[in-house]
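Residue-level structure breakdown
Chain residues, written in single-letter form:
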Amino acid sequence: MSVRRLAVEQPEHFSFTPENLSWLEGQIAKYPEGRQASAVIPALWRAQEQHGGWIPEPAMQAIADLLSMPKLRVLEVATFYTMFNLEPVGRYLVQVCRTTPCWLRGSDDLSAVCRDVIAPKPGMLGDDHVFSWMEAECLGACCNAPMVQINDDYYEDLTEESFRELLDKLRAGGSVSPGSLANRTASAPAHMDGKGLSHA
């Protein structure tokens, strides 16, 4: 794994909203006295959600103070798990699965679309800040490969054309229903017609 560093530009401060703080207090209460640090992952998740998809350094300090743990320990967790973003991301964070089933079914084409439509390299934020993208290991939808995760949703059975169309719709402010873009029901067997999945 490559070294993960904090963003160069950081906000001056971070504080949890009253709603998020109340939720976190409920999470902390699940652990025995003296084990509050066990809530570090839920705290990082909630900080990332609150701060537009990434975790700034002041949020790590706020978490450390809340959980009575050294800030360095919070930083260690945040930098170890790639689900935590340490730099600003776009309104849509696109994760292209690159594990073998997706690769065999065309994830190279999906990465090429990202390079063309979003930014030249994984981990980069597009110029318009609508998208950022990264390559990910298995996202657990192998039978519907190739697939991507965009924010919290999976888009499956993609082709270069359907993926490009999906991104165009999102950029224009439209919506796309998650799941199979080839009209497959859940993970039912694909109906092959010689050209790939049928739309029957």
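A brief look at the structure comes next.

Helix and strand counts for the chain come out as 7 helices and 5 strands. Each principal axis of the C-alpha atoms in the chain carries an extent, and together these give about 60 × 35 × 30 Å. Long-range pairs, those at least 24 residues apart, make up 63% of the contacts in the chain with a sequence separation of at least 6. Per element, the accessible surface of the chain, about 11400 Å² overall, is 52% carbon and sulfur. Positive and negative side-chain charges in the chain, numbering 17 and 26 respectively, have mean positions lying 4 Å apart.

A few words now on the sheet that holds strand β3 (residues 148–150). Sheet architecture is open: 5 strands sit in the order β2-β1-β3-β4-β5, paired in mixed fashion. Of all the strands in the sheet, just β2 (131–136) and β5 (179–180) have a single pairing partner and so form its edges. Pairing geometry for strand β4 (residues 153–156) and β5, over 2 bridges, is parallel. Its bridge partner being in β5, Tyr155 is matched across the sheet by Gly179. Its contacts with the sheet place helix α6 (residues 107–117) against β1 (92–97), β2 and β3, and it is angled at close to 150° to β1. Lying over the sheet, helix α7 (residues 160–171) contacts β1, β2, β3 and β4, oriented at roughly 5° with respect to β3.

Attention now moves to the pairing of β4. In terms of strand pairing, β3 meets β4 through 3 bridges, oriented antiparallel. Residue pairing across strands places Val148 opposite Tyr155, the latter belonging to β4. Taking the residues that link successive antiparallel strands as the turn, the β3-β4 hairpin has 2 residues, and the phi of Asn151 there is positive, at about 55°. A crossover links β4 with its parallel partner β5, the connecting element being α7, and its sense is left-handed.

What counts and how
- Residues numbered from 1 in each chain as written.
- Predicted model: local features only at pLDDT ≥ 70, side-chain atom pairs only at ≥ 80, totals over all residues.
- Heavy atoms only, no water.
- Helix = DSSP H or I, 4+ residues; strand = E, 2+ residues; numbered from the N terminus.
- Contact = heavy atoms within 4.5 Å.
- Areas by Shrake-Rupley, 256 points an atom, 1.4 Å probe, with all protein chains shown as cover.
- Lys, Arg positive; Asp, Glu negative; His and termini not counted.
- Charge placed at Lys NZ, Arg CZ, Asp CG, Glu CD.
- Pairing = 2+ DSSP bridges.
- Axes fitted to C-alpha atoms, helices over the stretch in contact; angles between N-to-C directions.
- Right-handed = clockwise from strand over helix to strand, strands pointing away.

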